[in-house]
Structures are given as C-alpha cells and as structure tokens.
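# Observations on the model geometry
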Amino acid sequence: MIAVSIAAGSLIIFADRSQAADRDGGAQLAAMCASCHRLDGGDGGIPTILGMSPEMLTRAMLAYRSRERPSHIMRAIALSLSDEEIATVARYLAALNRQVRP
Amino acid sequence: MKSWTRREFGCLTGAMVLAGLGPRSAAGEASARVVVVGGGIGGATAAKYLAASARTIEVTLVEPKPDYTTCFFSNLYLAGLCSLESLTHGYETLAHRYGINVIHDFVTAIDPIAKTVGLRSGRILPYDRVVVAPGIAFNYDALAGYDEAATQVIPHAWNAGPQTQLLRRQLESMEDGGVFVLVAPPNPFRCPPAPYERASLVAYYFKQHKPRSRILILDAKDSFNSQDLFLDAWERHYPGMIEWLPAQFTGGIKAVDLRERSVKTASDTFKAAVANVIPPQMAGQLAQQIGLVDQSGWCPVDPITFESKLQPGIHVVGDAASAGDMPKSAFVANSQAKACAFAIVEALTGSERVSPHLFNTCYTFLSPDDAVSNAVSFKPAAGTIKIIDNFVSQVQESAETRHRAAREAQSWYAAFTRDTFG
Ligand SMILES: Cc1cc2nc3c(=O)[nH]c(=O)nc-3n(C[C@H](O)[C@H](O)[C@H](O)COP(=O)(O)OP(=O)(O)OC[C@H]3O[C@@H](n4cnc5c(N)ncnc54)[C@H](O)[C@@H]3O)c2cc1C
C-alpha cells in the first residue's frame, strides 16, 4: 500500500515534465534492466517485465528493496533507484508491448 | 549461438526497448561521428546503445575478429558442458538492425589532435568522440619463461576462443592421475572469481572422466574472491582433489619452464600434466600505446562519462578502465558502456540523461547445478566510483537455492548476450 502511494506521488511530480524527457529517462533506466531481463517479450527463466502494470512493477521493486522478496540482484537495483526513477522505468516498460518472437 | 543470432535477425528484439530513445533530427542534419574500438562486451554494448539512442550519430565499430567468443561460460566449455560455438556471437545484428558500420580491422593509432583513428589497412576514420574498449593485455615481462609464444604450449585461456580450445584439448588428452597446475594472477585482473570457477569446473570434469587426477592452484595472492564459498564447495563436491597454495606458502611464482611443463615458485618446482598460466594483466595494448594508462597499467577515467583523464575526447570502458571499486567483468563492461554511451549522446546532441546507475552481477559455477551470485551497486563519488551495496551468496544456502542460481545463470547468459550483440 505504501509502495503504491509513493509511486502515485512520483507520478504527480512527473506530470509536468515533458513526455519526451520521461521517455528518454525511462529508456535509459530500462537499458539497465536489459542486462538480465530479455526485453523482447521472451521469458527464459528470468521473468519478463514487459507490459507489466506500473503498479505491479513498483510494488515488486519495493518488495525487493525491503527484502520482503529475496534476490541479491533486484535488491541492489531497488536500493539504487529513487522512487521517482522506479516510477519512470515502470511507466516506460508498461508502455512497451509484450510481443513474443515467433 | 551464432546460428541462433542469425535466426533472430531482422525481428524487433532489443530494438523495441530503445525505440523511444533519442532526439529526432531534421533530415539532412550533419551527423556526429563516434568510433568504437574493440567489439568485445564493452565496445559492442557502447556501439549498440549509441546507435539506438540517437539517429544523428554515425557509429563505427572496429574489431579485427569476425565474431566474438565470451569468456563467461567458457569454464563450462572446459568442463565439457557446452560447445564453443554456443558461446560465439557475430556482429550481423549490430550492423543490420542498428545500422552500425562494422569494420573488421585493427586499430593501430589514434590521433587526439586530428581526431582520427588509424587502421592497419591504412584507412583513417575521423571522429567527434572515440570509445576505446580493447580489454586486457598480458604482462609477459613479469613471469620468466612465459611469453606470447609460450601460450601455444601452456595456454592462459584468459581470452576465449583458440586458447580455450587448446586448454580443453590438453585436458581431454591428459591421462588419469595427472596434475593440472593453474597459476592464478595478482590483482587486479579480469574476473576475480574466474580462476577458482575454472578449478571447480575442471574438477567436475575430472570427477566424471579422470577421477584420480588432481588440481593444484599456485596463487600470486594470499586470499581470493569468495574464498569461503569456494573452499566449502571444493570440500563438498571434490574432496581431496583441489589444493590451493597461497603466495605466503610458496614464496610467490618465479618462472615457467615450457619444456618441463613446470612452474617454479620460491620454495619448489611443480611439474604439471597440463598447465594453465594466467599472467599478470594490464590495459589492452592500444591503450598503452596511445597514452591512456597511468603507472598502474590501467586507464584512469571520469566516473560519470568514462572519458579518459589523460586524453580528452577519448572514452575508455571495460576491463581496460581503472574505475574505482568496479571489478573487471563483462557485466561491469556492459554497465559502463551504457553510462558512457548516454553521456556521449548528451554531449553530442544536447539531449537529457538520467544520472548513471552502475552495477555488477556475477554468477559463478561451483558445479553444474551449484552456482552462487553476487550483486553490487556503485556510485560516482569524489572523482572515483565507490561501492554502495554488495550482496553475496552465503555458505549455508540450500541446494535448491544453488540449483536455482545455476538455472538463472543460463537465462542470464541468453539475455545478456542479446543485450550486447543483438
Ligand atoms: C574464464 C573467464 C570467465 C569469466 N566469467 C565472467 C562472468 O561470469 N561474468 C562476467 O561478468 N564476466 C566474466 N568474465 C570477464 C569478462 O570476460 C571480461 O570482463 C569482459 O570480456 C571485458 O570486456 P571488454 O570489452 O573490456 O574486453 P573484451 O571482451 O576482451 O573485448 C576487447 C575487444 O577489443 C578488441 N581489440 C583489442 N585491441 C584492438 C585494436 N587495437 N583494434 C580493434 N580491436 C581491438 C579485441 O579483439 C576484443 O574483441 C570472465 C573472464 C574469464 C577469463
């Protein structure tokens, strides 16, 4: 619950930023995710994060941050990102279509 | 994995996530030129993210080899658990999907005043920025009796490809009961856990095929990365098979005798059935040649843009860079390359960038289904790069946790190589 309200807060902060800046920021942050998560819709064991709702992704990140969900890697990343950055990348990834390759 | 990459060819993979990046210029606007030197992990990632982030930047990647074999997972190949083919990746996708001008040639000079890159073929490439990612070179002066020619008899296998193949063939033809002598290098070197992962996976191979054989690690150091995890695993999986001798015990490694296939330390001479000597390392030769290194032998860089502190306009990423607390790993090279690419795009196009996030993640195999991981985050601070958080596997973890890490490592390989080459 706290998680979602933090994210909602950042959404408001971002509302007056230009969409292009948000998209570039989201893409730059998503580039970091791409070192482990396939961003092509494929799902080879490390779960896909494409097309996930921003609320779900934000909640997951905060669960990693608080150690409620265990993972070294996701914990390091969740601790390194600000709430605002999590919201930005979550919005960006949600907007990408999940398109599984043939 | 080469054929796999070809099959992927032309589809949207990877390009999708980058589709939103970068400013769009009016048609006909003059391009800025970036030349990337070295198509390894650092160079390929930098070229891809530069090309995908800004259409106004013309990206050229210079790499002598027609394709690239990853060092990561090459220890699995030594154990007979995968083919070298499956670890080999071509540059076709970078050329075709991202429009990168891939040139298979060797960079012999960089002129930072004229802003040109000179190739062995005689071609001269002008640039606005250049990214140098030549990886490592070996300091053969540091080890008597071991030089470039000696690597054909006693391989280092610290660049993947023919060297790894040679070592595998020697292991295959070794008789049961022989000693495999592995010489581990002093810090800093490419991939701190990798010599010990290699010992673990060679032990796995011996256990299956040559159970009377032994492994001797002669270390230039007195301790090593994740030592407790390795010692615990060696006890559990390969009892009595692996012996580790630190420098304080041997007095240090003094010389290699090619004919005898032996390694001399201050206290003893150790004869090997198969030897694997990993020499001391420094930044790739080109970096030495064009004045990018300081007295440490590595390239000092700005912690945010990865621009050389010694030569303006030249950026250095990957193993060659001296980047504070960041170790020399493929994950780090990939992470630095993205930060560097976004900084160059900002400098050349004036677009906005977010503050860089730098990470390292390493999966290390102790046996085929026992793997450990670590994850570290870094932050530019006080002119260098500092560790923020560091999470590592623990000795007491369950077999299930370790098994899961091994499976996750396989998925990571697929995602990571696609992020870099596809
Ligand atoms: C056994 C082993 C296991 C490893 N396991 C892992 C692991 O599990 N995880 C991990 O993250 N890392 C791992 N690593 C480390 C990883 O391989 C390196 O850190 C990584 O390759 C560094 O990337 P780089 O781009 O700096 O150099 P490289 O990948 O070595 O690329 C350098 C490239 O530059 C080219 N080049 C050099 N000079 C020139 C020139 N003058 N002109 C043009 N091109 C040039 C070379 O041909 C080469 O292709 C491992 C390493 C080893 C040895």
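Analysis parameters
- Residues numbered from 1 in each chain as written.
- Chains lettered and ligands numbered in written order.
- Predicted model: local features only at pLDDT ≥ 70, side-chain atom pairs only at ≥ 80, totals over all residues.
- Heavy atoms only, no water.
- pLDDT = per-residue confidence, 0-100.
- Contact = heavy atoms within 4.5 Å.
- Buried < 20%, exposed > 50% of the residue type's maximum accessible area, 1.4 Å probe, protein only.
- Helix = DSSP H or I, 4+ residues; strand = E, 2+ residues; numbered from the N terminus.
- Pairing = 2+ DSSP bridges.
- Axes fitted to C-alpha atoms, helices over the stretch in contact; angles between N-to-C directions.
- Parallel < 35°, antiparallel > 145°, perpendicular 65-115°, else oblique.
- Nonpolar A, V, L, I, M, F, W, Y, C, P; charged D, E, K, R; others polar.
- Core = buried A, V, L, I, M, F, W, Y, C linked by side-chain atoms within 4.5 Å.
- Buried area = accessible area lost by both parts, 1.4 Å probe.
- Salt bridge = Lys/Arg side-chain N within 4 Å of Asp/Glu carboxyl O.
- Polar contact = N/O pair within 3.5 Å; in protein donor to acceptor, adjacent residues only side chain to side chain.
- Near = heavy atom within 4 Å.
- Areas by Shrake-Rupley, 256 points an atom, 1.4 Å probe, with all protein chains shown as cover.

### Things to note about the confidence of the model for chain B
Residue and element names in this part refer to chain B.
- With 93% of its residues at a pLDDT of 70 or more, chain B has an overall mean of 93.
- Considering only residues more than four positions removed or in separate chains, one finds that residues 1-16, a stretch of pLDDT under 50, has 43 contacts.
- Across the whole predicted complex the pTM is 0.93, and at the interface the ipTM reaches 0.90.

### Observations regarding the pairing of strand β22 (residues 358-367) of chain B
Residues and elements named next belong to chain B.
- Burial of β22 is extensive: ten of the ten residues sit out of reach of the surface.
- Where β22 lies against strand β23 (residues 370-381), nine bridges are found, and the strand directions are antiparallel. Paired with Thr361 across the bridge in β23 is Ala375.

### Looking at the packing of helix α7 (residues 194-209) of chain B against helix α8 (residues 227-237) of chain B
All names here are of chain B.
- Where α7 meets α8, the closest approach of the two axes is 11 Å, and the angle between their N-to-C directions is 5°. Looking at the two axes, α7 sits roughly parallel to α8. Residues Tyr196, Glu197, Ala199, Ser200 and Lys207 of α7 pack against Phe230, Trp234 and His237 of α8.
- When grouped by side-chain class, the residues that make up the contact of α7 with α8 number four nonpolar, two polar and two charged.

### Description of the nonpolar core
- Ranked by size, the top nonpolar core spans 169 residues in total, and within it Leu93 of chain A together with Ile110, Ile217, Trp234 and Trp412 of chain B carry the most contacts.
- Here the element with the most residues in this core is helix α11 (residues 330-349) of chain B; it accounts for eleven residues.
- Excluding residues within four positions of it along the chain, Ile217 of chain B makes contact with Leu182, Ala184, Tyr196, Ala199, Trp234, Ile242, Glu243, Trp244 and Leu245 of chain B.

### Here we look at the interface of chain A and chain B
- Counting from both sides, the interface comprises 36 residues of chain A and, opposite them, 39 residues of chain B.
- Interface area lost by chain A to chain B is led by Gln28, Ser35 and His72 of chain A, which between them contribute 22%.
- In this structure, the salt-bridge partner of Arg418 of chain B is Asp40 of chain A, at a minimum N-O distance of 2.3 Å.
- Across the contact surface, chain A and chain B share eleven residue pairs in polar contact (both at pLDDT 80 or more).
- Elements with a minimum of two residues in the side of chain A that touches chain B: α2 (19-33), α4 (72-80) and α5 (83-95) of chain A.
- Looking at the side of chain A that touches chain B element by element, the count peaks at ten residues for α2 of chain A.
- Here the side of chain A that touches chain B is built from residues that sort into 18 nonpolar, ten polar and eight charged.

### With respect to the site of the ligand
Residue and element names in this part refer to chain B.
- Near the ligand you find 34 residues, and of these Gly42, Glu63, Tyr68, Arg190 and Asp319 are the closest.
- Separating an oxygen atom of the ligand from a side-chain N or O atom of Glu63 is a distance of 2.6 Å.
- Interatomic distance of 2.7 Å between a side-chain N/O atom of Arg190 and an oxygen atom of the ligand.
- Contact with the protein chains removes 95% of the 1,000 Å² of surface that the ligand exposes when unbound.
- Only α3 (41-53), α4 (74-78), α7, α11 and β22 provide two or more residues apiece to the shell around the ligand.
- Considering each element in turn, the shell around the ligand owes the most residues, three residues, to α11.
- Of the residues belonging to the shell around the ligand, the class tally is 20 nonpolar, eight polar and six charged.

### Quick notes on the pattern of salt bridges
Residues and elements named next belong to chain B.
- Considering all chains together, one arrives at 20 salt bridges over all chains under this definition.
- The salt bridge involving Arg212 is made with Asp176; its shortest N-O contact spans 3.7 Å. Of the two residues, Arg212 sits in the loop between α7 and β12 (214-219) while Asp176 sits in the loop between α6 (162-173) and β11 (179-184), which places them 36 residues apart along the sequence.
- Assessed through its relative accessible area of 60%, Arg212 is described here as exposed.
- The partner of Arg190 in a salt bridge is Asp319, with the nearest N and O atoms 2.5 Å apart. Taken together, the residues span a long stretch of sequence, with Arg190 in the loop between β11 and α7 and Asp319 in the loop between β20 (314-316) and β21 (321-322) at a distance of 129 residues. Both residues of the pair, Arg190 and Asp319, belong to the buried class.
- One salt-bridge network, in which partners are shared between bridges, spans Asp232, Arg236, Asp370, Glu397 and Arg402.

### Topic: the pairing of strand β15 (residues 262-265) of chain B
All names here are of chain B.
- Two elements, strand β14 (residues 253-257) and β15, share four bridges in a ladder whose sense is antiparallel. Bridge pairing in β15 links Ile253 to Thr265.
- Between β14 and β15, which follow one another and run antiparallel, lie four residues, and Arg261 among them has a positive phi close to 50°.
- Here β15 folds back onto strand β16 (residues 269-271), and the loop between the two strands holds three residues.

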